[in-house]
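# Coordinate analysis (summary)
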Amino acid sequence: MASDAFFPFRDGIDSAAESGIVAVIQPGGSMRDEEVIAAADEQWDAVSARFDEAEVRLAKGDTVLFYTDGLVEAMNASGDMFGFERLEQFMAAGYNMRAAEIVEQLKQKIK
């Protein structure tokens, strides 16, 4: 279950679990976040993840790459993972590429 608002009380988590929900995604921000997170941890065998919010100003020509773990965990024929280090090196070297070029070259490097 996903919500764009926080769960103010643990009873929302308990009700979700009783209804068959197996995971919850929410932004947090409740005064009772610790209680709500503890309820989720009790209900589901999962890891509570927290993310910091940051603001980044982009300039014309900047590149932002959105990717999933499937990219860095992709393995070549030899069984080597692509990894974060290779991705960072690739992006540092290819800063002048257009989006389509980045995608195509990443596909080639993963093979």
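The present account deals with the structure reproduced in this document. The structure presented is a predicted model; accordingly, all values stated were derived computationally and were not measured.

## Notes on the nonpolar core
Grouped together as the largest cluster of nonpolar side chains are 10 residues: Leu71, Val72, Ala74, Phe82, Leu87, Phe90, Met97, Ile102, Leu106 and Ile110. Contributing elements (two or more residues each) for this core: α3 (69-72), α4 (83-93) and α5 (99-110). The element contributing the most residues to this core is α5, with 3 residues. When sequence neighbours within four positions are dropped, the list of residues in contact with Ala74 reads Asp80, Met81, Phe82 and Ile110. Counting residues in hydrophobic clusters, the runner-up holds 8 residues, among them Ala16, Ala17, Ala39 and Ala40.

## A few points about the pattern of salt bridges
Inspection of the entire model under this criterion finds 4 salt bridges. The salt bridge partner of Glu42 is Arg10, with a shortest N-O separation of 2.9 Å. Here Arg10 lies in helix α1 (residues 10-18) and Glu42 lies in helix α2 (residues 33-43), a separation of 32 residues in the sequence. Judged by its relative accessible area of 57%, Glu42 falls in the exposed class. Taking the shortest distance from any N to any O, the salt bridge between Lys107 and Glu104 comes out at 3.5 Å. Of this pair, Lys107 and Glu104 both sit in helix α5, 3 residues apart, roughly one helical turn.

What counts, and at which threshold
- Residues numbered from 1 in each chain as written.
- Predicted model: local features only at pLDDT ≥ 70, side-chain atom pairs only at ≥ 80, totals over all residues.
- Heavy atoms only, no water.
- Core = buried A, V, L, I, M, F, W, Y, C linked by side-chain atoms within 4.5 Å.
- Buried < 20%, exposed > 50% of the residue type's maximum accessible area, 1.4 Å probe, protein only.
- Helix = DSSP H or I, 4+ residues; strand = E, 2+ residues; numbered from the N terminus.
- Contact = heavy atoms within 4.5 Å.
- Salt bridge = Lys/Arg side-chain N within 4 Å of Asp/Glu carboxyl O.

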